[in-house]
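If you want the building blocks of each chain, they are given just below.
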Amino acid sequence: MSRVCIFLADGFEEIEALTVVDLLRRSEIGIAMVSITGERVVTGSHGIAVHADALFEEADFSGTDMLVLPGGMPGTKNLEAYEPLMELVDTFYKEDRYVAAICAAPRILGHRGILKGRKACSYPDAETHLDGAKVTRSSVETDGRVITSRGMGCAIDFGLAIVEAFQGREAADILADKIIYSR
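Attention in this report is confined to the structure presented alongside it.

Parameters at a glance
- Residues numbered from 1 in each chain as written.
- Predicted model: local features only at pLDDT ≥ 70, side-chain atom pairs only at ≥ 80, totals over all residues.
- Heavy atoms only, no water.
- Helix = DSSP H or I, 4+ residues; strand = E, 2+ residues; numbered from the N terminus.
- Rg over C-alpha atoms; globule rule 2.2 N^0.38 Å.
- Buried < 20%, exposed > 50% of the residue type's maximum accessible area, 1.4 Å probe, protein only.
- Contact = heavy atoms within 4.5 Å.
- 1 Å grid on protein atoms, 1.4 Å probe; cavity = no way out; pocket = protein on both sides within 12 Å on 5 of 7 lines; lining within 4 Å.
- Points joined across faces, edges and corners; volume = space filled by probe spheres on them.
- Nonpolar A, V, L, I, M, F, W, Y, C, P; charged D, E, K, R; others polar.
- Core = buried A, V, L, I, M, F, W, Y, C linked by side-chain atoms within 4.5 Å.
- Arc of directions from axis to C-beta.
- Axes fitted to C-alpha atoms, helices over the stretch in contact; angles between N-to-C directions.
- Parallel < 35°, antiparallel > 145°, perpendicular 65-115°, else oblique.
- Left-handed = near helix turned anticlockwise from the far one by under 90°.
- Pairing = 2+ DSSP bridges.

**A short note on the overall build of the protein chain**
Along its length, the protein chain carries 6 helices and 11 strands. At 15 Å, the protein chain has a C-alpha radius of gyration in line with the 16 Å of a compact globule built from 183 residues. Its C-alpha atoms give the protein chain principal-axis dimensions of about 40 × 35 × 35 Å. The 183 residues of the protein chain split such that 52% are buried. Within the protein chain, contacts between residues at least 6 apart in sequence are counted, and of these 61% link residues at least 24 apart.

**Describing the layout of surface pockets**
Roughly 180 Å³ of volume is contained in the largest pocket. Lining the largest pocket we find 13 residues, and of these G72, M73, C103, A104 and Y123 sit closest to its centre. A class-by-class count of the residues in the lining of the largest pocket yields 6 nonpolar, 3 polar and 4 charged.

**Some details on the nonpolar core**
Ranked by internal contacts, the top residues of the largest apolar core, which has 31 residues, are I6, L8, L24, M66, V68, F158 and I162. Those elements that provide at least two residues to this core are strand 1 (3-8), helix 1 (14-26), strand 2 (30-35), strand 6 (66-69), strand 7 (98-102), helix 5 (155-167) and helix 6 (169-178). Tallying contributions element by element places helix 5 first for this core, with 6 residues. The contacts of V68, once residues within four sequence positions are left out, are V4, C5, I6, F7, A100, F158 and I162. With 27 residues, the next largest nonpolar core counts F56, F61, L67 and A120 among its residues.

**Things to note about helix 6**
When helix 6 is considered as a whole, its buried residues turn out to be A172, L175 and A176. For helix 6, the angular spread of buried residues about the axis comes to 105°, placing them on one side. Exposed residues lying more than 90 degrees from the buried face of helix 6 are E170, D177 and K178. Looking at the buried positions of helix 6, the neighbouring elements they touch are helix 1 and helix 5.

**So, the packing of helix 5 against helix 6**
Interaxial distance between helix 5 and helix 6 falls to 7 Å at its minimum, and their mutual angle equals 140°. With respect to their mutual orientation, helix 5 and helix 6 come out oblique. The chirality of how helix 5 crosses helix 6 is right-handed. Residue-level contacts link L160, V163, E164 and Q167 of helix 5 to R169, A171, A172, L175 and A176 of helix 6. A breakdown of the residues in the contact of helix 5 with helix 6 according to their chemical character gives 6 nonpolar, 1 polar and 2 charged.

**Some thoughts on the pairing of strand 7**
For strand 7, the tally of buried residues reaches 5 of 5 residues, placing the bulk of the element in the interior. Side-chain alternation along strand 7 places Y98, A100 and I102 on one buried face and V99 and A101 on a second face that is also buried. Pairing between strand 7 and strand 11 (residues 146-149): 4 bridges, direction parallel. Its bridge partner being in strand 11, V99 is matched across the sheet by V146.

Right under this line is the structure:
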């Protein structure tokens, strides 16, 4: 079974994170919500408290296939300021493992040089941070093992793109039909 970790920092965008968690669990793709705060309960940008599955410092990422960074402010800035996570993102990229980010979080990938020469998208205010990317206005972009998306309104497309990366287009289409979503 594929294994994905999505990272929660105070101020994360709840819909972006939890939509991905929901869609992956419906698809039986293993996903763990990992707190970088040192606390299991993390509060999103709209005051919704979420109980993480694991703390970063206790997690074992050796069997993980993808890292997901949700957006939101100040969540994105908090993720980027957490150096152990940034080192993990760099390692995944160097090992050609999946990294995915939505909304403002693709700026993190831009700052780390991961988007150079790739198609990528983000929340409009973050587009200037997509260093070296071929910026698009698509709801989601998959370029190699890097997946980016524009924001909360694109969270289902983002989650389905992750399902497609692991289980193929047909599985993602079947899931979209089950949740009454038109792709």
